[in-house]
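Fold and contact review
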Amino acid sequence: QVQLVESGGGLVQAGDSLRLSCAASGRTFSAMGWFRQAPGKEREFVAIITWSRGRTSYADSVKGRFTISRDNTKNTVYLQMNSLKPEDTAVYYCATRARTLAYESANYYSREEDYDYWGQGTQVTVSS
């Protein structure tokens, strides 16, 4: 059994920062990622970090503003979000990959089907 719990969302002004957390329990995993879903939009990839070597990859829309990191001892992944924009408003979901990594490259794991377990999501709202 795998459980993922996101936290840290909230309402902020444009230009502000937030840090999201996702604590995982129940099983080991090879990678953790963040996705988001805005109202009326499809769920989209945000960032990934591989667990063994900490390799990362980001969506172009957040590159340079968001940073994903991990705490291996706590099985927790973080998403530091800086310079937030109204278009960042979405429910943010963390996800884990239970399967082993075919390649130790974060660039290969940006699709929903690359992940096996999902959290319930945390709301991030950025006002202008």
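See the structure shown above.
All chains use their own residue numbering, which begins from 1 and follows the written sequence. Thresholds applied to this predicted model are a pLDDT of at least 70 for local features of residues and 80 or more for the giving and counting of side-chain atom pairs; totals over whole chains, interfaces and linings are not thresholded and use all residues. Water and hydrogen atoms were dropped before computing side-chain values, which therefore reflect all heavy atoms in the structure.

A few points about the overall build of the chain
The condition is simple: Numbered from the N terminus, helices here are DSSP runs of H or I no shorter than four residues, and strands are runs of E no shorter than two. As a reference, a globule follows 2.2 Å times the number of residues to the power 0.38, and the radius of gyration itself is taken over C-alpha atoms. Between buried and exposed lies partly exposed: a residue is buried under 20% and exposed over 50% of the maximum accessible area for its type, with that area taken using a 1.4 Å probe on protein chains only. Here, residues are in contact when the closest pair of their heavy atoms is within 4.5 Å. Values of accessible area rely on a 1.4 Å probe in the Shrake-Rupley scheme; residue burial ignores everything except the protein chains shown.
Along the chain, the regular secondary structure elements total 0 helices and 11 strands. For the chain, the sequential pattern of α-helices and β-strands runs β-β-β-β-β-β-β-β-β-β-β. For the chain, the C-alpha radius of gyration of 14 Å lies close to 14 Å, the compact-globule estimate for 128 residues. The principal-axis extent of the C-alpha atoms belonging to the chain is close to 40 × 30 × 25 Å. A total of 128 residues make up the chain; the buried ones form 46% of that total. Excluding contacts between residues fewer than 6 apart, the proportion of contacts in the chain whose partners are at least 24 apart in sequence is 58%. For the chain, the exposed surface amounts to about 6500 Å²; the carbon and sulfur share of it is 43%.

A short note on the packing of aromatic side chains
Here the distance between the centres and the angle between the planes together describe a pair of aromatic rings. Put simply, the test is: Pairing of aromatic side chains here covers Phe, Tyr and the six-membered ring of Trp, requires ring centres within 6.5 Å, and sorts the geometry by plane angle: under 30 degrees stacked, over 60 edge-to-face, intermediate tilted. In this analysis the charged atom, NZ for Lys or CZ for Arg, is taken to sit over a ring once it is within 6 Å of the ring centre and within 35 degrees of the ring normal.
Tallied over the full model, the rule gives 7 aromatic pairs. Taking 5.3 Å as the distance between ring centres and 80 degrees as the angle between the ring planes, the aromatic pair formed by Phe35 and Tyr115 counts as edge-to-face. On the criterion of sequence distance, the pair formed by Phe35 in strand β4 (residues 31-37) and Tyr115 in the loop between β9 (90-97) and β10 (117-118) is long-range, its members being 80 residues apart. Grouping residues by exposure puts Phe35 and Tyr115 together as buried. A ring pair is formed by Tyr115 and Trp118, whose centres lie 6.2 Å apart and whose planes are at 65 degrees; its orientation type is edge-to-face. Given a relative accessible area of 4%, Tyr115 falls into the buried group. The partly exposed category is assigned to Trp118, whose relative accessible area is 28%. An aromatic cluster is present here, built from Phe35, Phe45, Tyr115 and Trp118 joined pairwise through their rings. For Arg43, the ring lying beneath its charged end belongs to Tyr93, and the centroid distance is 4.0 Å.

Observations concerning the pattern of salt bridges
Threshold: For this analysis, a salt bridge means a side-chain nitrogen from Lys or Arg found within 4 Å of a carboxyl oxygen belonging to Asp or Glu.
Tallying each qualifying case throughout the model produces 7 salt bridges. Arg99 serves as the salt-bridge partner of Asp116, at 3.0 Å between the closest nitrogen and oxygen. Here Arg99 lies in the loop between β9 and β10 and Asp116 lies in the loop between β9 and β10, a separation of 17 residues in the sequence. Using a relative accessible area of 38% as the deciding quantity, one classes Arg99 as partly exposed.

With respect to the pairing of strand β1 (residues 3-7)
Keep this limit in mind: A pair of strands counts as paired when DSSP detects no fewer than two bridges linking them.
The side-chain alternation of β1 yields one buried face, formed by Leu4 and Glu6, and one unburied face, formed by Gln3, Val5 and Ser7. Of the pairings in the sheet, the one linking β1 to strand β3 (residues 18-25) comprises 5 bridges and is antiparallel in character. Bridge pairing links Gln3 to Ser25 in β3.

Quick look at the sheet that holds β1
Rule in force here: Axis definition: a line fitted to C-alpha atoms, limited for helices to the stretch in contact. Angles are taken between N-to-C directions and run from 0 to 180 degrees.
Taken in spatial order, the 4 strands line up as β1-β3-β8-β7 in an open sheet, and their pairing is antiparallel. The outermost strands of the open sheet, each flanked by one partner alone, are β1 and β7 (66-71). Direction aside, neighbouring strands of the sheet carry axes that sit 15 degrees apart on average.

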